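Residue strings, one per chain:
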Amino acid sequence: MSNKRREFLKLSGLAGIGIMGTGFTGLSQEEQEKVLFHSKRQHAQRFNMSGYAAPKLDRVRVGVIGLGMRGPGAVNRLSKIEGVEIKALCDLRPEMVDKVMKSLEGSGHTPATYSGSTYAWKKMVDRDDLDLVYIATPWQWHTPMAVYAMESGKHAASEVPIAISLEECWQLVETSERTKKHCMQLENCCYDFFELMTLNMARDGFFGDIIHGEGAYIHDLLELNFKKNTGYQDMWRLKENYRNGNIYPTHGLGPVCQIMNINRGDQMDYLTSLSSQDFHMKARAEELAAEDDFYASFATKQFRGNMNTTLVKTKKGKSIMIQHDVSSPRPYSRIHLISGTKGMARKWPVPGVSTGHGWMEADEIKALEEKYTPEIVKKVGEMAKKIGGHGGMDFMMDWRLVDCLRNGLPLDQDVYDAALWSAITPLSEWSVANRSNSIDIPDFTAGSWQTNQPVELTLKGGGTTGVNA
């Protein structure tokens, strides 16, 4: 292995997560010390990317990497947004590229294709006719691809989580600041209809001062994670569950952070995290191994506990609870609870709003929806539902990203959000491994959270992008 290759693996964080053949492991003593070191790391901000408006783009020329689970849907959505040119597609597997190319027939998009080798994506990113690299690959590749894209003069947008170690979080922040290229984590739940409405309500003071928020990813993926032919390529998502902490925090956390103005008026201070035992995953691996030798290696592994609960305290005294459970037989839930001095709202199991001891009646909720439905929903909400993507929130996210780039507007999610929300995973792992002791949360903004302006998720200065559906 060349020195250059070793250095790339070291910087990207891939060396410790299996690319060098060591496999996915829990936190070793060395890794625990790295987490502690990076949790206290001081950063001199080179350029503040919060509120940064890059030069506007009349056309947004996009290259998409990863055409397995999430990529094909993204390509379909992007193909319907005015001003987008899908210039290139990449996936390790040629058959996946061919399938997506076929889906684009008649759309007016004729992208170049890249496949067949582990680093084919680099050839795609090296093109000089791309403005945005859209990443929908397994998690371990998100940071290396985003960093390479920014270094190559492109904006980067990545599926969640965008980073799996604190080293990667810092690498993203430093690269975005140095290159002045956007680095957005594609947290689609920030564009869910109810979450957007509660953001509007919070901005209008409906909840008063926000006291507490809750978010979660509770989704029974037990059988999907163990599917060897129709599940995740090379069983990569199952392998992620060797890590014991909240390994997928951003769906529940993102909307709460925007409402609480985290990174923009308040900041996370420290967290503590606790996991239950694993009651399902190892047992399922052993059951499958008894029938199929393919699963024999998985039956020897230790998996994360069913339920992880992580608690965060903010600098201004607010609290956040985040939960993760993908192996228990429970109905899907992201919770999304916002509690303030004047009222509260919660989405799951059924949407509800309260300003006292009871829940508001249906007609009262209807009146709130009429008052607080955001501009983006009025603009493209119905179209988003038709085009799809988790009920429409995926399309609204992509449309909003393109509209901001075309109008030279700051993005709703910047690199500091990407780093902070993703940092919950390694920090929670450390806490779980240390009897739920608390650990400091890094300030990726280097103190600028005190003056950064809250997210203004309106159509002010934008909203000009059409839909070709």
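Since the structure is predicted, the reported quantities are computational estimates derived from the model, not experimental observations. For every chain, the first residue of the written sequence is number 1, and numbering continues from 1 onward in sequence order. Reporting in this predicted model follows two pLDDT cut-offs: at least 70 for local features of residues, and 80 or more for side-chain atom pairs to be given and counted; totals over whole chains, interfaces and linings ignore these cut-offs and use all residues. Each side-chain value is derived from all of the structure's non-hydrogen atoms; neither hydrogens nor water enter the calculation.

A.B. asks: An account of the sheet that holds strand β14 (residues 439-440) is needed here, citing residue identities and associated values.
C.D. replies: Strand order across the open sheet formed by eight strands is β13-β12-β11-β7-β10-β9-β8-β14, with mixed pairing between neighbours. Two strands in the sheet have a free side with no partner beyond their single neighbour: β13 (352-354) and β14. Sheet topology note: the strand β11 (residues 337-340)/strand β12 (residues 344-346) ladder contains three bridges and is antiparallel. Across the sheet, Ile338 pairs through a bridge with Ala345, a residue of β12. Here, any two strands with at least 2 DSSP bridges between them count as paired. Strands are runs of DSSP state E lasting at least 2 residues, helices are runs of H or I lasting at least 4, and numbering of each runs from the N terminus.

A.B. asks: How would you summarise the pairing of strand β2 (residues 84-91) if you had to cite specific residues and measurements?
C.D. replies: Relative accessibility thresholds used throughout: buried, under 20% of the residue-type maximum; exposed, over 50%; partly exposed, between the two (1.4 Å probe, protein chains only). Most of β2 is tucked away, with six of its eight residues classed as buried. In this sheet, β2 lies alongside strand β1 (residues 60-65) in parallel orientation, the contact comprising six bridges. Within β2, the position partnered with Arg61 by the bridge is Glu85. Orient the strands so they point away from the viewer; a crossover is then right-handed if the path from the first strand over the helix to the second runs clockwise. In this region the chain leaves β1, passes through helix α3 (residues 71-78) and returns to the parallel neighbour β2; the handedness of that crossover is right-handed. Across four bridges, the pairing between β2 and strand β3 (residues 112-115) is parallel. The residue of β3 that forms the bridge with Cys90 is Tyr114. Remark: the β2/helix α4 (residues 94-103)/β3 crossover connection has right-handed handedness.

A.B. asks: Now, about the pairing of strand β9 (residues 308-314): what can you tell me, with residues and values included?
C.D. replies: Here β9 shows a clear split, with Asn308, Thr310, Val312 and Thr314 buried on one side and none of Thr309, Leu311 and Lys313 buried on the other. Relative to β9, strand β8 (residues 268-275) is paired through seven bridges, and the arrangement is antiparallel. Bridged to Met268 within β9 is Thr314. Pairing geometry for β9 and strand β10 (residues 319-325), over six bridges, is antiparallel. Bridged to Lys313 within β10 is Ser319. Counting the residues that bridge the hairpin from β9 to β10 gives four residues, and of these Gly317 lies at a positive phi of roughly 90°.

A.B. asks: Summarise empty space enclosed by the protein; cite the residues concerned and give the values.
C.D. replies: Only protein atoms enter the calculation, which uses a 1 Å grid: trapped sets of points that fit a 1.4 Å probe without letting it out are cavities, open sets showing protein on both sides within 12 Å along at least five of seven lines are pockets, and any residue with an atom within 4 Å of a point is a lining residue. Grid points are joined across faces, edges and corners, and a volume is the space filled by probe spheres set on the points. Scanning the entire structure with this criterion turns up two cavities of 30 Å³ or more. Of the voids in this model, the largest cavity is the one considered here, and its volume is about 40 Å³. Lining the largest cavity are Trp139, Leu221, Asn225, Arg237, Asn241, Ile247, Tyr248, His324 and Val326. Put simply, Ala, Val, Leu, Ile, Met, Phe, Trp, Tyr, Cys and Pro go in the nonpolar bin, Asp, Glu, Lys and Arg in the charged bin, and everything else, Gly too, in the polar bin. Residues belonging to the lining of the largest cavity are distributed by class as follows: five nonpolar, three polar and one charged. Quantified by volume, the second largest cavity comes out at close to 30 Å³. Together, Met49, Ser176, His182, Cys183, Leu411, Gln413, Asp414 and Val415 line the second largest cavity.

A.B. asks: Outline the state of the cysteines, listing residues and values.
C.D. replies: Only a pair of cysteine sulfur atoms within 2.5 Å counts as a disulfide in this structure description. Counted according to the given criterion, the structure contains zero disulfides. Counting only cysteine sulfurs, Cys183 is the nearest neighbor of Cys169, a cysteine outside any disulfide, at a range of 10 Å. What makes Cys169 buried here is its relative accessible area of 0%. Between Cys404, a free cysteine, and Cys190, which holds the nearest cysteine sulfur, the sulfur-to-sulfur gap is 13 Å. Here Cys404 falls in the buried class, since its relative accessible area comes to 2%.

A.B. asks: How would you sum up the environment of Met101? Please name residues and give values.
C.D. replies: By secondary structure assignment, the location of Met101 is in helix α4. Expressed as a C-alpha distance, the spacing of Met101 and Thr300, which sit 199 residues apart in the sequence, is 40 Å. Contacts are residue-level and defined by heavy atoms, with any inter-residue pair within 4.5 Å sufficient. Excluding anything up to four places from it in sequence, Met101 contacts Leu89, Pro111 and Thr113.

A.B. asks: Explain the environment of Leu221 residue by residue, including any values.
C.D. replies: The residue Leu221 is located in the loop between β7 (210-218) and α9 (222-226) in this model. What makes Leu221 buried here is its relative accessible area of 5%. Sequence separation between Leu221 and Gly466 is 245 residues, and the spatial gap between their C-alpha atoms is 36 Å.

A.B. asks: Hey, could you go over the packing of aromatic side chains for me, with residue numbers and the actual values?
C.D. replies: Classification of ring pairs rests on two measures: the distance between centres of Phe, Tyr or Trp rings, Trp counted by its six-membered ring, which must be within 6.5 Å, and the angle between planes, read as stacked under 30 degrees, edge-to-face over 60 and tilted in between. Applying the stated rule across the entire model yields 20 aromatic pairs. For the ring pair Phe206 and Tyr372, a centre distance of 6.3 Å and an interplane angle of 75° mean the geometry is edge-to-face. One end of the pair, Phe206, is in the loop between α8 (193-203) and β7; the other, Tyr372, is in helix α13 (residues 362-372), with 166 residues separating them in the sequence. An identical accessibility class is assigned to Phe206 and Tyr372; each is buried.

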